[in-house]
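An overview of the molecular structure
One letter stands for each residue in the lines below.
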Amino acid sequence: MKIYKYLLLGFLVFAGISCEDQLELEPQQSVSTDAAFETLKDFENAVLGMYEGMQDQLYYGRNYPALGDASSDYFKIPDGACARLTVFYTMALNPINTTGGGWERMYNVISRSNNIINRIDGLSTATEAERNQVKGEALFVRALVHFDLVRQFAQDYNFTSDQSHLGVPYVEATEIGEPARNTVREVKTNVLRDLNEAESLMGNTTSQEAD
């Protein structure tokens, strides 16, 4: 009778381990963020993905370079033409048509840059120069996108004498929720900090040219 008890106990332990292993499998259709950053090539590909995000039609690929003109009196948009910019031309802006496009895309690029910045220092298989180049490029992009955001979604820099009016959230880590907005002065301080660090880290070539 004891033998059956031991066999049953062994079976339950084995089944528990097996089930635990099955529940910890990587998704078949995607890769976890940590698994995506294991080699220098992974980080270099992530840098390319960061730049690719900036080409989106709702960012530098179309909308962002045209917003200044579209919201001015420099030209007229005929009815039915350039419909995607009409809300800026007519100044018919609301939280949905302003933040649902460019805002989302730009913070997506920032998220990509943060994934690089917050992981590259731990890559022991790369040289210091290689890590610095990758991190420097990501820091530069993070600063640039926040600068673009605060120019589009905040009042002019001198709207208050001490620049204490609200700007945009300066996001430095991937987070879920609604981060608080920094003041325009805080955004400027963080942009300059990231740019200065980027300049100190980068060489005269891109991470791709350094191969």
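One structure accompanies this document, and this report is about it.

1. Concerning unusual backbone geometry
What you tend to see is this: most non-glycine residues have negative phi, and most peptide bonds are trans. For Gln163, which is not a glycine, the phi torsion comes out positive at approximately 55°. Counting through the fold element by element, Gln163 comes out in the loop between helix 6 (128-153) and helix 7 (184-201). Overall, the relative accessible area of 4% leaves Gln163 in the buried class.

2. Description of the pattern of salt bridges
Evaluation of the coordinates by the stated rule reveals 10 salt bridges. A salt bridge links Arg105 to Glu104, with the shortest nitrogen-to-oxygen separation between them at 3.9 Å. Three or more residues are tied together by salt bridges with common partners; here these are Arg142, Glu172, Arg193 and Asp194.

3. Some points on the packing of helix 6 against helix 7
Axis separation between helix 6 and helix 7 bottoms out at 8 Å; the angle between their running directions is 155°. Relative to helix 7, helix 6 is oriented roughly antiparallel. In the packing of helix 6 onto helix 7, the handedness of the crossing is left-handed. Contact residues: Asn132, Gln133, Lys135, Gly136, Leu139, Phe140, Arg142, Ala143, His146, Phe147 and Val150 in helix 6; Val184, Val187, Val191, Arg193, Asp194, Leu195, Glu197, Ala198 and Leu201 in helix 7. Taken together, the residues of the contact of helix 6 with helix 7 break down into 11 nonpolar, four polar and five charged.

Procedures and definitions
- Residues numbered from 1 in each chain as written.
- Predicted model: local features only at pLDDT ≥ 70, side-chain atom pairs only at ≥ 80, totals over all residues.
- Heavy atoms only, no water.
- Helix = DSSP H or I, 4+ residues; strand = E, 2+ residues; numbered from the N terminus.
- Buried < 20%, exposed > 50% of the residue type's maximum accessible area, 1.4 Å probe, protein only.
- Salt bridge = Lys/Arg side-chain N within 4 Å of Asp/Glu carboxyl O.
- Axes fitted to C-alpha atoms, helices over the stretch in contact; angles between N-to-C directions.
- Parallel < 35°, antiparallel > 145°, perpendicular 65-115°, else oblique.
- Left-handed = near helix turned anticlockwise from the far one by under 90°.
- Contact = heavy atoms within 4.5 Å.
- Nonpolar A, V, L, I, M, F, W, Y, C, P; charged D, E, K, R; others polar.

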